[in-house]
Structures are given as structure tokens and as C-alpha cells.
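# Report on the structure
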Amino acid sequence: MEPITAYLNGIGETDSVQPQTEPEPSPDGMVEAYTLPLIQDGVAAYMANVRTQVQLVQVGPHLIPMTYNDKEYLNSYVCSPYSTYVSYAYEELVLFRSRALRAVLAGVIGTIAPLLKAGRINRNIHLNNWLLSTNLYEEMDREDLRLATGRLVTEYPGHAIVFRSLNERTNSGLMEILKSLGYRFVPSRQVYFFDGRNPQYLEKQNNRWDATLLKKSGYTVLEHEDLTESDYKRIVDLYEQLYIQKYSALNPQFTEAYISNCHRNGLMYMQGLKDADGVLQGVVGCFIRGDVMTVPLVGYDTSLPQKLGLYRMLMSLVLNRAAQQRQLLHLSSGAAHFKRLRGGEPFIEYSAVYIRHLPAGRRMMWSVLGGILNRIGVPVMRKYQL
């Protein structure tokens, strides 16, 4: 396992390519095209609210991105456990109708917040961190992971080692390996899957209604190659309207440079909805690793009437694309009722954390956090179908 400096001398800057109908960069080429700009220009140039240092490391045959943090408490949750378990958790309290339950959960969060800071929860490195709401994984060998863990413990003795976005649906083998190596699992959220390899979900009444709505809407579907550089600013605006302004400023705030890199190099497959006046009113971007697809880029003009169903139409595009590509669709968290009605299967997502090398107080902090989330967080997520 070598840091990024070992690669920069031999690789140089990545070359932009013209978007293709089905962009399929090679796995290693994809990692480099995605990660090197973050290293060379700084993460903030591509994600305005993300504060972290990025490296590329080798784990066996896999070249993967790694992020490094010390504190950075005012940060996006993609590299800040504190933002995940405190800041974002506070924002999610609005999902509960019961004032009493909100008060109890707010009290729990308020109690653990100083504990997490005292335990330096943000002093960590995240492996395979794409700085997206969902990280996707390739299969990794146990011996490679054992060696990588040992090397990282030596190089970063004061940092927890973290793998985000793990679940039993797509990562059961990896989770078993990490468990055998001494990693602990801390729950984070409930996520939803649609199996495009056997897309029975398309027979759900809501999905049929959404497909009909799209067909009769009058919107033109733009494929990846139909989008151009002139659309990048609008794509950022649409994403921000939904994910930043409506949902949370803790979501990664993509810049035009990020959209440009992903579109031009085929790192996401993007589709848009254009109205009769030629205005882009909705966009989605699908990110793929192996046979799993996720959708970190979704946006639409939230000032338009909800009855138009722009979100429904965008999700119809995504669900049909997963079926066409025969991919397992990881549709992340949020809009849980919407996803369940359309056939989404829920799974609890975890972060795997290696802390054996840390002082006793910091190990205790992670143990307390994991215990609270397993005893309170997971049952609440399941009961209220979040």
C-alpha cells in the first residue's frame, strides 16, 4: 500500500474524454480520474463544504481513495462521523410526529455530542471514501485488508480506521472479513435496494403510474451525451435546490468543476428532463462500481408545483435504468415511504471502525456510541420505517 505521491509521478494529469452514450471507464482508470483532481486541486474546488485530505492507497490489487481528518466538526457527513451522528441526526428529528419522541431523541443526541468530541470521533481515516452519500465496494481479500490495516495503524497511530456505507445486502462478505480482523460495526441509517437483475419492482402500481406520468408529461429525456458544458451550472443549481436547500447543507455541495469532471469522464451516467421551453428542470446521476448502482446526484426545480411529479419521473428513469443495465440499485436513505411503495427493500447500514490501537477513552467512546445506536437507533429506524 503506497500513498498518492507514488502514483502522481507515473500517472500525471488525467485526460478529459468526450462523453459517451454508455461511459464505461476501466475500474482503475475511474478511480484515478475521480480522485486525482481532488488531490491536485483540493477537495473544496469540487465539493464546497467538504474539508478533508485525500490520498490514493493500494489494498491488494485495488486502488482506492482514502480521506484523512483530525477535527473539522463543521463538515459534511461524508467524512465526519460527528456530523453523521450529531448534526445530521438533529436535523432528522423533524421526521418524527411525536413531540415526546423528538424530545427524548434530542436529549440522547445532546448527551452524546460532547462525549463524541471528547473522544475525538473525527480523528479518523476513511478507506474507499468517494465522498458521496453512499460508497460502493469491490470484493477485497482478507489478507490484503489485514496488511492494509496493520500498515495504517503504524502510519496513523492516533486515527480510527473507518469503512462507511456497509450493509448485509451488498457487503456481507466484506463485513465478515472486517469483523474477523477486529473491526466494530456502528449503525448509521436505513437504506433501500431495488434489484434490477430481477426487476419485479417495475410491476408495482406506483412505478407504473410514474412511468405513465413521464410518458405523458411533455418533458424530453436527455441522455448523458445530450447534456453539455452549458448545462453544468443548471445541474448544480437543481441539485442544490433539492439536496442542500430542501434537505440538508450537510450533504456534499457539488461544484461545476465536480459535475464537469464526472460528466466529461463518464464517472456518472447523467440524465435530465427538459421542458417544452428547452429548460433543464430535473437531473439524475448514476454512479456504478461492479454490479451495484447508486444515485448521488438528484435535483429538480423545487419552485415548480409538486403535482408535476418531477421527483417521481426522475426516480422512474433511475429504476428503469437499473433494470435495463441489470444492476442492483442502492437508492440510499430518505423518502422511505416513497421507496417502500415502489418495492424498496430496507437494510441497516453500518460503518466498520478499527480502534484497537487507540487509547482506552477513545475506544470507550466508540463502544458507547455503537451501543446506543444498536439499542435505540436501529429499533427506531425499523419501527418508524425511516
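Not measured: the values here are computed from a predicted model. (Residues numbered from 1 in each chain as written. Predicted model: local features only at pLDDT ≥ 70, side-chain atom pairs only at ≥ 80, totals over all residues. Heavy atoms only, no water.)

## What about the confidence of the model for the protein chain?
Threshold: The predictor rates its confidence in each residue with pLDDT, a number between 0 and 100. Throughout, a contact is declared for two residues whenever any of their heavy atoms are within 4.5 Å.
For the protein chain, the average pLDDT comes to 91, and 93% of its residues sit at 70 or higher. A low-confidence stretch, residues 1-26 (pLDDT under 50), is modelled with 51 contacts involving residues beyond four sequence positions or located in other chains.

## Brief notes about the state of the cysteines
Note the threshold: In this description, the term disulfide denotes a pair of cysteine sulfurs within 2.5 Å. Here's how the labels work: a residue is buried when its accessible area is under 20% of the maximum for its type, exposed when over 50%, partly exposed in between, all with a 1.4 Å probe on protein chains only.
If you walk through the whole model with that rule in mind, you get zero disulfides. In this model C286 remains outside any disulfide bridge; the closest cysteine sulfur is found in C262, 12 Å from its own. For C286, a relative accessible area of 2% translates into the label buried.

## Focus on helix α9 (residues 256-264)
Residues three or four positions apart in an α-helix share a direction because the helix packs 3.6 residues into each turn. Note the threshold: Strands are runs of DSSP state E lasting at least 2 residues, helices are runs of H or I lasting at least 4, and numbering of each runs from the N terminus.
If you check which residues of α9 are buried, you get Y258, I259, S260, N261, C262 and H263. Following α9 by one or two positions, G266 adopts a phi angle in the positive range, close to 65 degrees.

## Regarding the sheet that holds strand β9 (residues 292-300)
Formally: Only strands that DSSP links by at least two bridges are regarded as paired with each other. Working convention: axes come from line fits to C-alpha atoms, limited for helices to the stretch in contact. Angles between N-to-C directions cover 0 to 180 degrees.
The 11 strands lie next to each other as β1-β2-β3-β4-β11-β5-β10-β9-β8-β7-β6, forming an open sheet whose pairing is mixed. If you trace the sheet from one side to the other, it starts and ends with β1 (53-59) and β6 (220-222), each paired once. Geometrically, the sheet is characterised by an average inter-axis angle of 30 degrees between neighbouring strands, direction not taken into account. Pairing of β6 with strand β7 (residues 269-274), which is carried by three bridges, proceeds in the antiparallel orientation. Among the inter-strand pairings, T220 is bridged to a residue of β7, identified as K274.

## Some points on the packing of aromatic side chains
Basically, it comes down to this: Centre distance within 6.5 Å is the pairing criterion for rings of Phe, Tyr and Trp, where only the six-membered ring of Trp is used; planes under 30 degrees apart are then read as stacked, over 60 as edge-to-face, and the remainder as tilted. By definition, being over a ring means that NZ of Lys or CZ of Arg is both within 6 Å of the ring centre and within 35 degrees of the ring normal.
One pass over the structure, following the stated rule, counts 20 aromatic pairs. Centre to centre, the rings of Y239 and F254 are 4.7 Å apart; their planes meet at 25 degrees, and the pair counts as stacked. Residue Y239 is located in helix α8 (residues 232-247), and its partner F254 is located in the loop between α8 and α9; the two are separated by 15 residues in the primary sequence. Assigned by exposure class, Y239 and F254 land together as buried. An aromatic cluster of at least three residues, connected via ring pairs, comprises Y34, W130, Y239, Y243, Y247, F254, Y258 and F287. Positioned over the ring face of Y269 is R321, at 3.6 Å from the centre of the ring. It is R342 that lies over the ring of F338; its NZ or CZ is 3.6 Å from the centre.

## Points about the packing of helix α7 (residues 205-216) against helix α10 (residues 310-325)
Put simply, the rule is: Note on terminology: angles under 35 degrees are roughly parallel, angles over 145 are roughly antiparallel, angles of 65 to 115 are roughly perpendicular, and the others are oblique. Under the grouping applied here, Gly and all other residues not named as nonpolar or charged are polar, the nonpolar ones being Ala, Val, Leu, Ile, Met, Phe, Trp, Tyr, Cys and Pro and the charged ones Asp, Glu, Lys and Arg.
For the pair α7 and α10, the least separation of the axes is 9 Å and the interaxial angle reads 110 degrees. With respect to α10, the axis of α7 lies roughly perpendicular. Listed contacts from α10 to N207, W209, D210, A211, L213 and L214 of α7 are R312, M313, S316, L317 and L319. Of the residues that constitute the contact of α7 with α10, the class distribution is seven nonpolar, two polar and two charged.

## Here we look at unusual backbone geometry
Even without glycine at this site, L131 takes up a positive phi of about 60 degrees. Position of L131 among the secondary structure elements: in the loop between β3 (124-127) and α5 (142-155). Assessed through its relative accessible area of 1%, L131 is described here as buried. At R326, a position not held by glycine, the phi torsion is positive, near 55 degrees. On the secondary structure map, R326 appears in the loop between α10 and β10 (328-330).

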